[in-house]
Amino acid sequence: MSTQKQYSGDFAAMEKKLARVMERLGVEADQFQSGWTQGKGGSRCFVEMRYGGSIYRFENSTEKSAACGRKLTFASDLFAAVVYSLEGLARAIEQNIFTLDMLLAGVPALPAAPLLEACFQALGFSTKPLDAGEVKAQYRRMARVMHPDNGGTQEAFSALSENYNACLRALGI
């Protein structure tokens, strides 16, 4: 895999570009979100947008990139590839080649989000973490505050520990 960045710019620049692209697509600022992770297991990113009452997700990962011969390794490069792809769609719409409705007609909308297990919610996650490392890091942050030696209560710390163990079981660990 390539260890050199393929696209110029950082996440902040790409997020600004994404906001402009979404505006060109007619998607309001509060109707889309994006995110990314970069770790030892690879990098991934996504852009989700709400349009016509449905949610659409555009994602990229080091695995997907390798499968199509691009071999992008940096999360910022993966994110840039998604943003530039969406910009291409915006350009086709502006040239009256397609409408967004026509383009999305072939893209399956996401099903309603599954409920996040209570143990993950108790640890402050809004989406299921990708690996046990994220759970462990969050547990440690919360344990510093909730431990009885640091001003927390035994009940709160016990509940935190139980939820931590439930998260690990839910991840298959």
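As shown above, the structure is provided for reference.
Residues numbered from 1 in each chain as written. Predicted model: local features only at pLDDT ≥ 70, side-chain atom pairs only at ≥ 80, totals over all residues. Heavy atoms only, no water.

A. Unusual backbone geometry, seen in detail. Here N96, not a glycine, exhibits a phi torsion of approximately 55 degrees, which is positive. Along the polypeptide, N96 turns up in the loop between α3 (75-94) and α4 (100-105). (Helix = DSSP H or I, 4+ residues; strand = E, 2+ residues; numbered from the N terminus.)

B. Quick look at the nonpolar core. Grouped together as the largest cluster of nonpolar side chains are 28 residues, with contacts concentrated most on L18, M22, L25, M49, F79 and L86. Breaking this core down by element, the ones donating at least two residues are α1 (11-25), β2 (42-51), β3 (54-61), α3 and α4. With near-sequence residues (within four places) excluded, M49 lies in contact with M22, V27, Q31, F32, S54, I55, Y56, F58, L100 and L104. Within the second largest apolar cluster, 15 residues are counted, among which are V135, M142, A166 and C167. (Core = buried A, V, L, I, M, F, W, Y, C linked by side-chain atoms within 4.5 Å. Buried < 20%, exposed > 50% of the residue type's maximum accessible area, 1.4 Å probe, protein only. Contact = heavy atoms within 4.5 Å.)

C. Structural context of the environment of K136. Of note, K136 is situated in helix α6 (residues 132-146). Overall, K136 belongs to the partly exposed group, its relative accessible area being 38%. It is 9.5 Å that separates the C-alpha atoms of K136 and C167, two residues lying 31 residues apart in sequence.

D. Summary view of the pairing of β3. Where β2 and β3 come together, 8 bridges link them in antiparallel fashion. Considered in β3, the bridge of M49 is made with Y56. Between β2 and β3, which follow one another and run antiparallel, lie 2 residues, and G52 among them has a positive phi close to 60 degrees. (Pairing = 2+ DSSP bridges.)

E. Examining the pattern of salt bridges more closely. Applying the stated criterion to the full structure yields 8 salt bridges. E87 is paired through a salt bridge with K17; the nearest N and O atoms lie 3.1 Å apart. A residue pair is termed long-range when its members are at least 10 positions apart, and E87 in helix α3 and K17 in helix α1 qualify at 70 residues. Across the pair, K17 and E87 agree in class, each one buried. Each of K17, R24, E87, R91 and E94 takes part in a single network of salt bridges with overlapping partners. (Salt bridge = Lys/Arg side-chain N within 4 Å of Asp/Glu carboxyl O.)

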